[in-house]
Amino acid sequence: MRVHIADHPLITHKLTVLRDKATPSPVFRQLVEELVTLLAYEATRDVRVDKVVVDTPVAPYNGVKLARPRPIIIPVLRAGLGMLEGMTKLLPTAEVGFLGIKRNEETLEPYTYANRLPDDLTGRQVFIIDPMLATGGTLIDSIDYVFERGATDVTCVCLLGAPEGLAAVEAHVAGKDVKVVLGALDEKLNEKGYIVPGLGDAGDRLYGVAQ
Ligand SMILES: O=P(O)(O)OC[C@H]1O[C@H](OP(=O)(O)OP(=O)(O)O)[C@H](O)[C@@H]1O
Ligand SMILES: O=c1cc[nH]c(=O)[nH]1
Ligand SMILES: [Mg+2]
């Protein structure tokens, strides 16, 4: 597994505002979108392209275009939805699949309540987006769903991660081709499985409803 932890003052600045409990939902949503755009730069570094020739007003130019089969972006509902717009802007040809996974806040076990993915993901580049990587249970299940469907090239984009969750994902995927891009790696999980210092419940803060 390859891990990239962002190291950029703009990302740290935006994450600082996001973490602040005084930041209201509309600002929170805007910042999540801006952050995913910045992280996507690294996450899409290996996106596949095909050669294409275009004519500039002056001369032919040997360029590239996003390759087929199209990449697929998979937001993990609810909180991952907040990252979707930013990601599709950067990968306009991408298809979108959906996973609805909710962590049981008592047992911390993830429960899948929605799964709308193509049956066959063979040869597709997959981008899983979810702001929080806490125990790693949700991301592990998400990665398993796409591997079961034949994907071999998976990139996960998360705004914040905990060392415990990152280690769990790494142990689970072992030698497979998985890349995890994080805005920041925080200190630890608390006794309730929340990332410390973190930002609280990302879904609740995005949508203003505690669920
Ligand atoms: O690494 P884990 O311990 O599995 O926790 C991380 C998950 O928790 C949050 O979702 P949540 O379950 O709160 O669902 P929501 O987005 O609907 O609020 C977050 O968006 C991740 O999906
Ligand atoms: O800190 C955390 C942990 C899980 N889910 C969140 O939204 N936040
Ligand atoms: Mg939540």
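Bear in mind the structure is a predicted one, so any value in this text is a computation, not a measurement.

Undergrad: Teacher, can you tell me more about the pattern of salt bridges here?
TA: Two side chains bearing opposite charge may form a pair once their charged atoms approach each other closely. A full pass over the atoms with the stated rule returns 15 salt bridges. Salt-bridge contacts for Arg19 lead to Asp186; the nearest nitrogen and oxygen are separated by 2.7 Å. Within this pair, whereas Arg19 is found in helix H1 (residues 9–19), its partner Asp186 is found in the loop between strand E11 (178–185) and strand E12 (188–189), the two being separated by 167 residues in sequence. Its relative accessible area of 9% is what places Asp186 among the buried residues. Members of the salt-bridge network, linked through shared partners, are Arg2, Asp46 and Asp177.

Undergrad: Please explain the UniProt feature "binding site: uracil" (unreviewed entry) in the chain as it appears in this structure.
TA: With numbering aligned to this structure, UniProt lists the feature "binding site: uracil" (unreviewed entry) at Ile195, Gly200, Asp201 and Ala202. Residues from the annotated list that form part of the lining of the largest pocket: Ile195, Gly200, Asp201 and Ala202. Judged by relative accessible area, Ile195 falls into the buried class, the value being 6%. Ile195 has contacts with Met132, Leu133, Ala134, Leu160, Gly161, Ala162, Asp186, Lys188 and Leu189, leaving out every residue within four places of it along the chain. Of note, Ala202 is situated in helix H6 (residues 202–207). Among all residues touching Ala202, those that are not within four sequence positions of it are Phe28, Ala79, Pro131 and Met132.

Undergrad: What's the story with helix H5 (residues 163–173) in this structure? I'm lost.
TA: The periodicity of an α-helix, 3.6 residues per turn, causes residues three or four places apart in sequence to face the same way. Those residues of H5 lying buried are Gly165, Leu166, Val169 and Val173. What you see down the axis of H5 is that its buried residues fit within an arc of 100°, all on one side. Elements in contact with the buried residues of H5: strand E1 (2–5), strand E9 (132–133), helix H4 (137–148) and E11. Phi turns positive one or two residues past the end of H5, at Ala174, with a value near 45°.

Undergrad: Would you explain the site of ligand 1 in this entry?
TA: Lining the immediate surroundings of ligand 1 are 17 residues, of which Arg103, Asp130, Thr135, Gly136 and Thr138 lie closest. Between ligand 1 and the protein, one listed contact pairs an oxygen atom with a backbone N or O atom of Gly136 at 2.8 Å. In the environment of ligand 1, an oxygen atom lies 2.6 Å from a nitrogen or oxygen atom belonging to the side chain of Thr138. Protein burial of ligand 1: of its 500 Å² of free accessible surface, 96% is covered by the chains. The site holding ligand 1 turns out to be the largest pocket.

Undergrad: Just checking my understanding: could you explain the pairing of strand E3 (residues 60–66) for this structure?
TA: Each regular strand carries side chains that alternate between the two faces of the sheet. In terms of strand pairing, strand E2 (residues 49–55) meets E3 through seven bridges, oriented antiparallel. By the bridge assignment for E3, Val49 is matched with Leu66. Between E2 and E3, which pair antiparallel one after the other, the connecting turn spans four residues.

Analysis parameters
Residues numbered from 1 in each chain as written. Chains lettered and ligands numbered in written order. Predicted model: local features only at pLDDT ≥ 70, side-chain atom pairs only at ≥ 80, totals over all residues. Heavy atoms only, no water. Salt bridge = Lys/Arg side-chain N within 4 Å of Asp/Glu carboxyl O. Helix = DSSP H or I, 4+ residues; strand = E, 2+ residues; numbered from the N terminus. Buried < 20%, exposed > 50% of the residue type's maximum accessible area, 1.4 Å probe, protein only. UniProt positions renumbered as here; feature names shortened; annotations may be inferred. 1 Å grid on protein atoms, 1.4 Å probe; cavity = no way out; pocket = protein on both sides within 12 Å on 5 of 7 lines; lining within 4 Å. Contact = heavy atoms within 4.5 Å. Arc of directions from axis to C-beta. Near = heavy atom within 4 Å. Polar contact = N/O pair within 3.5 Å; in protein donor to acceptor, adjacent residues only side chain to side chain. Areas by Shrake-Rupley, 256 points an atom, 1.4 Å probe, with all protein chains shown as cover. Sits in = over half its atoms within 2 Å of the grid points. Pairing = 2+ DSSP bridges.

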